[in-house]
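# Structural overview for review
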Amino acid sequence: MAYNVLIVDDEPWSREIVKDLADWEGLGLAVAGEAEDGEEGLRRIGELAPDIVVTDMRMPGLSGTELLNELGARFPATKIVVMSGYDDFAYLKQAIRSKAVDYLLKPLDPAELNAALASCVRELEAASAPSAGAGAASDAASNAASKTALNAVSDKPAQGSGASAGDWRLPAAFADSAVLERYALEKRRIYASLQELDRAGIAEAYAALGRYLTRALTAEELQGLPARLAQDALAMLETFASEQGIDIVPIWSGIEGRLGPGSSPDEAAMALAERLGEAADAAAKAIRGRTRLDLDEIRAHIDAHFAEELTLESLSHRFFVSKEHLSRAFKAHVGTGVTDYVTMRRMVYAEALLREGKVSIKQAAKLAGYVDLAYFYRVFKRRFGISPGELRGGE
């Protein structure tokens, strides 16, 4: 039988890459649909009941982390493949907690993607086999192995934090989709304020969230709420800390004492707003303390993410510097402009893919960050003097 796959990623070209690279027919798979963020993904999962979900981790609205939480609570039989452009310890830890079949780094490797999908197919076939009941011991062993792996991971600190989101019990998911969507909206406001280092905005968004949840949740749901809020706040802090290079251990220390089972949504929201506000202040202090632009860090970021949509504007925003200053400083340091450097990295990668011969020209273009194939041809020929087809011997 054919198994259905849902692809969840906020970047259209990234979804196209998955569709291009997967061996759908050979694996007995079909694309059931796509979603551009976690909220839409959750709705589509409820509508389509896919067997496999391939999802990115960093998305607006309901993030990949939240989507994995909801999948585990509401659709435990669904197989999950996680993608991320970030080799992030917190994301890997979440994937293990959610029993994801595999964790793939972007740009995707065709062999790794198909191996992950093949593993999903094997697990689905094993679960539907007539002798599945006899496999209970195997399932128990698998669950024990997952718990062992999670415990091993949770003993280590997340990068830049020393804290662990795995310390918090995952409570039941919100049963009402309207509550879930409002929760995701307020979380988006909170994280946007955190990234803008806006302590007042963080407090305002948390206060609104606390008031809403007090009205919208049942008494039973309110009992697990402090743990849910704390887990998601720590996930935000870990991501923010890895981006800003700050230590959140002193910020998060002692929070458990303020989030007991009897805490109200308003009390929990106030305590967490204080912690995220302190993180914003710490990041602002670190930024002010920087004496020079770290151009090696910027270059390393481009090297890791050249296949994504990188622009001078997005880089200047990420590294808190004007576009003009970044452009001049990068060219003086590297010897070429930002745009030319991104193009160079993409072309070198595309050439290597084409010489390796494992993917088509169209797939190589998308893996290198080009959605427009005609434009890819022009840039490639301008750089190397021959077309991609000529390099491949007339493909």
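Going by the structure above, here's the rest.
Here the residue numbers are simple positions, counted from 1 along each chain's written sequence. Predicted model: local features are reported for residues with pLDDT of at least 70 only, side-chain atom pairs are reported and counted for 80 or more only, and whole-chain, interface and lining totals are derived from all residues. The basis for the side-chain values is all heavy atoms of the structure; hydrogens and waters are excluded.

A few words on the packing of helix α8 (residues 177-195) against helix α11 (residues 225-244). At a minimum axis distance of 11 Å, the contact between α8 and α11 shows a crossing angle of 35 degrees. Where α8 crosses over α11, the two elements pack in a sense that is right-handed. Residue-level contacts link Leu-180, Tyr-183, Lys-187, Ile-190, Tyr-191, Leu-194 and Gln-195 of α8 to Arg-228, Leu-229, Asp-232, Met-236, Thr-239, Phe-240 and Glu-243 of α11. In this count, Pro and Cys sit with the nonpolar residues alongside Ala, Val, Leu, Ile, Met, Phe, Trp and Tyr, while Asp, Glu, Lys and Arg are called charged and the others, Gly among them, polar. The residue inventory of the contact of α8 with α11, partitioned by class, reads 8 nonpolar, 2 polar and 4 charged. Note on geometry: axes are lines fitted to C-alpha atoms, helical ones only across the stretch in contact, with angles between N-to-C directions running from 0 to 180 degrees. Starting at the N terminus, helices and strands are each numbered in turn, a helix being any DSSP run of H or I of at least four residues and a strand any DSSP run of E of at least two. Each helix crossing is assigned a hand: it is left-handed if the near helix lies turned anticlockwise from the far helix by less than a right angle, otherwise right-handed if that turn is clockwise. For this analysis, residues touch if any pair of their heavy atoms sits within 4.5 Å.

We now examine unusual backbone geometry. With a phi close to 50 degrees, Ala-49 is a non-glycine residue in the positive phi region. By the secondary structure assignment, Ala-49 is in the loop between α3 (38-48) and β3 (52-56).

A word on the environment of Arg-328. With respect to the helices, strands and loops of the structure, Arg-328 is situated in helix α16 (residues 323-334). Linking Arg-328 and Val-338, residues 10 residues apart in sequence, is a C-alpha distance of 9.3 Å.

Core analysis: the biggest nonpolar cluster contains 38 residues, and Val-18, Leu-29, Ile-52, Val-54, Leu-108, Leu-113 and Phe-376 have the highest contact counts within it. Sorting the residues of this core by element identifies β1 (3-8), α1 (12-21), β3, β4 (79-84), α6 (110-128), α17 (338-356), α18 (361-367) and α19 (373-384) as the ones contributing at least two each. If one sorts the elements of this core by residue count, α6 sits on top with 6 residues. If we ignore the near neighbours within four places in the chain, the residues touching Leu-113 are Val-18, Leu-21, Ala-22, Leu-104 and Leu-108. Counting residues in hydrophobic clusters, the runner-up holds 36 residues, among them Leu-194, Leu-225, Ala-230 and Ala-233. We define the nonpolar core as a collection of buried residues of types Ala, Val, Leu, Ile, Met, Phe, Trp, Tyr and Cys that are connected through side-chain atoms lying within 4.5 Å of one another. Buried residues are those whose accessible area, probed at 1.4 Å on protein chains only, stays under 20% of the maximum for their type, while exposed residues exceed 50% and partly exposed ones sit between those limits.

Time to look at the pattern of salt bridges. What makes a salt bridge here is a side-chain nitrogen of Lys or Arg within 4 Å of a carboxyl oxygen of Asp or Glu, nothing more. Evaluated as defined, the whole model comprises 15 salt bridges. One salt bridge in this structure joins Glu-34 and Arg-15, with 2.7 Å as the shortest N-O distance. Here the residue Glu-34 occupies a position in strand β2 (residues 29-35), and Arg-15 occupies one in helix α1, the gap between them amounting to 19 residues. Classification of Glu-34 by relative accessible area gives partly exposed; the value is 24%. Among the salt bridges present, the one from Glu-16 reaches Lys-19, with a minimum N-O distance of 2.8 Å. Within this pair, Glu-16 and its partner Lys-19 are both found in helix α1, separated by 3 residues, close to a single helical turn. Since its relative accessible area comes to 28%, Glu-16 is described here as partly exposed. Connected through shared salt-bridge partners, Arg-15, Glu-16, Lys-19, Asp-20, Glu-34 and Lys-366 make up one network.

It is worth spelling out the side chain of Asp-9 at this point. Along the chain, the position of Asp-9 falls in the loop between β1 and α1. Judged by its relative accessible area of 0%, Asp-9 is buried. Setting aside residues up to four positions removed in sequence, Asp-9 forms contacts with Ser-14, Arg-15, Ala-35, Glu-36, Asp-56, Met-59, Met-83 and Lys-106.

Okay, α3 next. Of all the residues in α3, the buried ones are Gly-38, Glu-39, Gly-41, Leu-42 and Ile-45. Projection of α3 onto a plane perpendicular to its axis shows the buried side chains occupying an angular sector of 165 degrees, all on one side. Here the buried face of α3 lies against β1, β2, β3, α4 (64-74) and α8. Its side-chain oxygen placed 3.2 Å from the backbone nitrogen of Glu-39, Asp-37 serves as the N-cap of α3. Positioned one or two residues after α3, Ala-49 has a phi angle of 50 degrees, which is positive. Within this analysis, the arc is defined by the directions that extend from the helix axis to the C-beta atoms. In protein, a polar contact requires one atom able to donate a hydrogen and another able to accept it; more generally it is a pair of N or O atoms within 3.5 Å, and residues adjacent in sequence count only if both atoms are side-chain atoms.

So, on to α6. For an α-helix, the turn length of 3.6 residues means that residues three or four places apart are oriented alike. Compared with an ideal rise of 1.5 Å per residue, which puts 19 residues at 27 Å, α6 spans 27 Å between its outermost C-alpha atoms and is within 8% of the ideal. Considered for burial, the residues of α6 that qualify are Pro-110, Leu-113, Asn-114, Ala-116, Leu-117, Ala-118, Cys-120, Val-121 and Leu-124. N-capping of α6 is provided by Asp-109, with a side-chain oxygen placed 2.9 Å from the backbone N of Ala-111. How far a helix is expected to stretch is found by multiplying one less than its residue total by 1.5 Å.

This paragraph deals with the sheet that holds β4. One bridge is not enough; two strands pair if DSSP finds at least two bridges between them. One open sheet accounts for 5 strands, arranged β2-β1-β3-β4-β5; its pairing is parallel. Of all strands in the sheet, those with a lone pairing partner are β2 and β5 (102-105), marking the two edges. Averaged over all adjacent pairs, the angle separating strand axes in this sheet is 20 degrees, with direction ignored. Where β3 lies against β4, 5 bridges are found, and the strand directions are parallel. Each residue of the ladder has a partner; that of Val-53, found in β4, is Ile-80. Across the sheet, α6 is in contact with β1, β2, β3, β4 and β5; its angle to β4 comes to roughly 165 degrees.

Geometry of aromatic contacts follows a simple scheme: Phe, Tyr and Trp rings, the Trp one being its six-membered ring, pair when their centres are within 6.5 Å, and the pair is stacked under 30 degrees between planes, edge-to-face over 60, tilted otherwise. Following the criterion strictly, the structure yields 7 aromatic pairs and no others. Centroid distance Phe-376 to Tyr-377: 6.4 Å. Interplanar angle 85 degrees. Geometry classified as edge-to-face. Residue classification places Phe-376 among the buried positions, given a relative accessible area of 0%. Look at Tyr-377 and you get partly exposed, because its relative accessible area is 31%. Plain terms: the ring middles of Phe-376 and Phe-380 are 5.7 Å apart, the flat faces sit at 50 degrees to each other, and that makes the pair tilted. In this pair, Phe-376 and Phe-380 both sit in helix α19, 4 residues apart, roughly one turn of the helix. Here Phe-376 and Phe-380 have matching classes, each one buried. It is Arg-346 that lies over the ring of Tyr-370; its NZ or CZ is 5.2 Å from the centre. Should the NZ of a Lys or the CZ of an Arg lie within 6 Å of a ring centre and within 35 degrees of the ring normal, that charge is described as sitting over the ring.

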